[in-house]
Amino acid sequence: MATDDPSDDGERTRVSTLELFFDLVFVFVITQLTGLLTAQPTGGGLARAALDLSLIWWMYGGYAWLTNAVALEGAARVLLLLSGMASYLALALSVPHAFDDRSAGLTFGIAYLLIVIVHAGLFTRAAGRGAQGILRIAPFNMVSALLVLAGGISGGTAQYVLWSLAAVVEWTTPLMVPPQAFFEIGPAHFVERHGLVVLIAIGESVFAIGVGAGGHRVSAGLVGMAVLGLALSGCLWWTYFGGDDRRAEQSLTRAADRRAQLALTAFGLWHLPLLLGIIGVAFGLERAVDDPYRAVPTAVAIGLGAGTATFLAGDVLFRRALGIYDNRWRLTAAIVAVASIPLATTVAPAAQVGALVVGVGGATTLEQRIRRRPPRMRRTGGATH
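So, a few notes on the structure that sits alongside this text. Computed from a prediction, not measured in an experiment: that's the story for all the values here. (Residues numbered from 1 in each chain as written. Predicted model: local features only at pLDDT ≥ 70, side-chain atom pairs only at ≥ 80, totals over all residues. Heavy atoms only, no water.)

Remarks on helix H11 (residues 271–290)
- For H11, with 20 residues, the first-to-last C-alpha span of 29 Å sits near the 28 Å given by 1.5 Å per residue.
- Burial of H11 is extensive: 17 of the 20 residues sit out of reach of the surface. (Helix = DSSP H or I, 4+ residues; strand = E, 2+ residues; numbered from the N terminus. Expected span 1.5 Å × (residues − 1). Buried < 20%, exposed > 50% of the residue type's maximum accessible area, 1.4 Å probe, protein only.)

Focus: the environment of Tyr293
- On the secondary structure map, Tyr293 appears in the loop between H11 and helix H12 (298–321).
- Along the backbone, Tyr293 and Leu262 are 31 residues apart, and their C-alpha atoms lie at a distance of 44 Å.

Overview of the packing of H12 against helix H13 (residues 328–339)
- Orientation of H12 relative to H13, taken along the N-to-C sense of each, is 165 degrees, at an axis distance of 8 Å. In terms of their interaxial angle, H12 and H13 are classed as roughly antiparallel. Pair H12 / H13 crosses with left-handed handedness. Contacts between H12 and H13 involve Gly305, Thr308, Ala309, Leu312, Asp315, Val316 and Arg319 on the former and, on the latter, Arg330, Leu331, Ala333, Ala334, Ala337 and Val338. (Axes fitted to C-alpha atoms, helices over the stretch in contact; angles between N-to-C directions. Parallel < 35°, antiparallel > 145°, perpendicular 65-115°, else oblique. Left-handed = near helix turned anticlockwise from the far one by under 90°. Contact = heavy atoms within 4.5 Å.)

Details of helix H10 (residues 259–269)
- Extensive coverage of H10 is indicated by the burial of eight of its eleven residues.
- Buried within H10 are the following residues: Arg259, Ala260, Leu262, Ala263, Leu264, Ala266, Phe267 and Gly268.

Quick word on the side chain of Asp315
- One can find Asp315 in helix H12.
- Residues contacting Asp315, with those up to four places away along its chain left out, are Thr239, Tyr240, Leu274 and Arg330.

A word on the pattern of salt bridges
- In this structure the tally under the stated criterion is seven salt bridges.
- Residues Arg330 and Asp315 are paired through a salt bridge, measuring 2.3 Å at the closest nitrogen-oxygen approach. Of this pair, Arg330 sits in helix H13 while Asp315 sits in helix H12, and the two are 15 residues apart along the sequence. Each of the two residues, Arg330 as well as Asp315, counts as buried.
- As a salt-bridge pair, Glu367 and Arg319 come within 3.8 Å of each other at their nearest N and O atoms. With Glu367 in helix H15 (residues 349–372) and Arg319 in helix H12, the pair connects residues that are 48 residues apart, well separated along the chain. Residues Glu367 and Arg319 agree in their burial class; the two are buried.
- If you follow the salt bridges from partner to partner, you end up with Asp315, Arg319, Arg330 and Glu367 in one network. (Salt bridge = Lys/Arg side-chain N within 4 Å of Asp/Glu carboxyl O.)

Let's talk about the packing of aromatic side chains
- With the rule as written, the count across this model stands at 19 aromatic pairs.
- Here Phe22 and Tyr63 contribute two aromatic rings whose centre-to-centre distance is 5.0 Å and whose plane-to-plane angle is 25 degrees, an arrangement assigned as stacked. Remark: Tyr63 occurs in helix H2 (residues 43–69) and Phe22 occurs in helix H1 (residues 17–39); sequence separation between them is 41 residues. The pair formed by Phe22 and Tyr63 is uniform in burial state, with each residue classed as buried.
- Ring centres of Tyr240 and Phe318 lie 5.6 Å apart, and the angle between their planes is 10 degrees; on these two criteria the pair is classed as stacked. You can see Tyr240 sitting in helix H8 (residues 220–241) and its partner Phe318 sitting in helix H12, a full 78 residues away along the chain. One exposure class covers both Tyr240 and Phe318, and it is buried. (Phe/Tyr/Trp six-rings, centres within 6.5 Å; stacked < 30°, edge-to-face > 60°.)

What follows is the structure, given as structure tokens:
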């Protein structure tokens, strides 16, 4: 029988199918943000996507912390979580036009407010200090939700200002309500939950390849580009999951009194650039597959190169927060990713994606080989005495 104790070594160490179902709905938001960037491949479109993501990811994190602390047993709790999922679905549907359509902005605001209310209601079922913590955090979340609602109603410049203020309120809340004072973290469940949502989000880049290829005649060239795109998605997967999920769990387990703060920094703050990078790559792949062997606009090249670099930078910061060092090869790959941008604008996106696969895949391969060496060989650069 599952319990509300996040340190329990039984069922609570595993992510439930209901949580995975919730994540599938959440990742639809990622799909919509990719669509937003595809429709508006400009600095303004990127700013909108980044601002939306910062708001949405904060509350996704809130639900991940919720299910880490509260067993989702009983019809009442399940129905409440399903209502939160419905609110996320409504929010996702409004994302493409939330900044230029008042009704979409209002829908986004109402859905966000409901997400916050459901989260607070469910979290009051947490045992001990968790319930006290949500009583302290809920007012900040509510203020942010009301700012989002007011911005959705107002539109225009006021919307940008109010939504930016809401994001600032949310991400600075831990400075006023230190998470380690109130919340317990079950490392295995927490790492698995975030790993699954990253995995599903990377799957969005594969979906983007299919969208870009839609309507085109199947040819060797199209299949070749699709395979290159899949290889790039695979490189992102390998970078994140190449043993680091186990090391992340070990780091959280060892953290003890500072575990909650570490979880917030590593899996909250530094997963933002990870997800934004995935959105950029998905946008770039969708446009690249549409015309893979001719030079493309700069925005597409930036989506591929800067998106990959942003993902890698977020991954490095994530690893450093957890004390997982030796990130030189990942940083080198990030530099290669940025340097690849001119390939798509002067040659073809297929050339850029190929360079990204070589750069990211090569860096991860080298890192894995070094990691498998005996410790003495690592220190001496492979020489033995």
